[in-house]
Amino acid sequence: MTKADIVSRISEKLGMEKGDVQATVESFMEEVKSSLENGDNVYLRGFGSFIIKTRAEKTGRNISKNTTIKIPAHNIPAFKPAKVFVEGVKSNVQVK
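So, how was this worked out
- Residues numbered from 1 in each chain as written.
- Predicted model: local features only at pLDDT ≥ 70, side-chain atom pairs only at ≥ 80, totals over all residues.
- Heavy atoms only, no water.
- Salt bridge = Lys/Arg side-chain N within 4 Å of Asp/Glu carboxyl O.
- Helix = DSSP H or I, 4+ residues; strand = E, 2+ residues; numbered from the N terminus.
- Buried < 20%, exposed > 50% of the residue type's maximum accessible area, 1.4 Å probe, protein only.
- Pairing = 2+ DSSP bridges.
- Axes fitted to C-alpha atoms, helices over the stretch in contact; angles between N-to-C directions.
- Contact = heavy atoms within 4.5 Å.
- Patch = residues over 30% accessible without salt bridge, like charges linked within 9 Å, V, L, I, M, F, W, Y side chains within 5 Å.
- Areas by Shrake-Rupley, 256 points an atom, 1.4 Å probe, with all protein chains shown as cover.
- Lys, Arg positive; Asp, Glu negative; His and termini not counted.
- Charge placed at Lys NZ, Arg CZ, Asp CG, Glu CD.
- Polar contact = N/O pair within 3.5 Å; in protein donor to acceptor, adjacent residues only side chain to side chain.

1. So, the pattern of salt bridges
By the definition in use, this model includes 2 salt bridges. For glutamate 26, the salt bridge goes to lysine 3, with nearest N and O atoms at 3.3 Å. Of this pair, glutamate 26 sits in helix α2 (residues 18-37) while lysine 3 sits in helix α1 (residues 3-14); the two residues are 23 residues apart in sequence, bridging distant segments of the chain. Since its relative accessible area comes to 34%, glutamate 26 is described here as partly exposed.

Right under this line is the structure:
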């Protein structure tokens, strides 16, 4: 499913224009992104949490030059689904 698909479905369900729905969806995504960039987690009850995870410093290898390199500690965005969300997927989606 793409962003366009999400906009179409919401537009059909609510009877709103696609342009208004697209602006709302993009605004929501921009707010989540800016909150994470500012170091704040985003919690959506019943859906999940957009959180910042910290990766520790580690040693990696550059296989083309056969040397070791230091990969510095860094933060990455992550999504942790709510328990209700996980249970719904487990019970409704068939294993392929």
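2. Some thoughts on the sheet that holds strand β5 (residues 74-81)
Across a sheet, strands are paired by hydrogen bonds formed along the backbone, either parallel or antiparallel in direction. Taken together, the 3 strands give an open sheet; going across it, the order is β1-β2-β5, and neighbouring strands pair in antiparallel fashion. The strands lining the two open edges of the sheet, one partner per strand, are β1 (42-44) and β5. Across the sheet, the axes of successive neighbouring strands diverge by a mean angle of 30°, strand direction being ignored. Inspection of the sheet shows β1 paired to strand β2 (residues 48-55) by 3 bridges, in the antiparallel sense. Within β2, the position partnered with tyrosine 43 by the bridge is serine 49. The sheet strands contacting α2 are β1, β2 and β5, and the helix crosses β2 at an angle near 35°.

3. Some details on a positive patch on the surface
Taken together, the side chains of Lys53, Arg55, Lys58, Lys80 and Lys83 define a basic patch exposed on the protein surface. Inspection of the secondary structure assignment puts lysine 80 in strand β5. For lysine 80, a relative accessible area of 55% puts it in the exposed group.

4. Section: the pairing of strand β4 (residues 67-71)
Of the pairings in the sheet, the one linking strand β3 (residues 58-62) to β4 comprises 5 bridges and is antiparallel in character. Residue pairing across strands places asparagine 62 opposite threonine 67, the latter belonging to β4. In this structure, the hairpin formed by β3 and β4 is closed by a connection of 4 residues, where asparagine 66 is found at a positive phi of approximately 55°.

5. Focus on the side chain of serine 8
Position of serine 8 among the secondary structure elements: in helix α1. A relative accessible area of 19% means that serine 8 is categorised as buried. Side chain to side chain, serine 8 and lysine 18 meet in a polar contact 3.4 Å long.

6. Focus: unusual backbone geometry
The backbone of asparagine 66 sits at a positive phi, close to 55°, despite the residue not being glycine. With respect to the helices, strands and loops of the structure, asparagine 66 is situated in the loop between β3 and β4. Judged by relative accessible area, which is 56%, asparagine 66 ranks as exposed.

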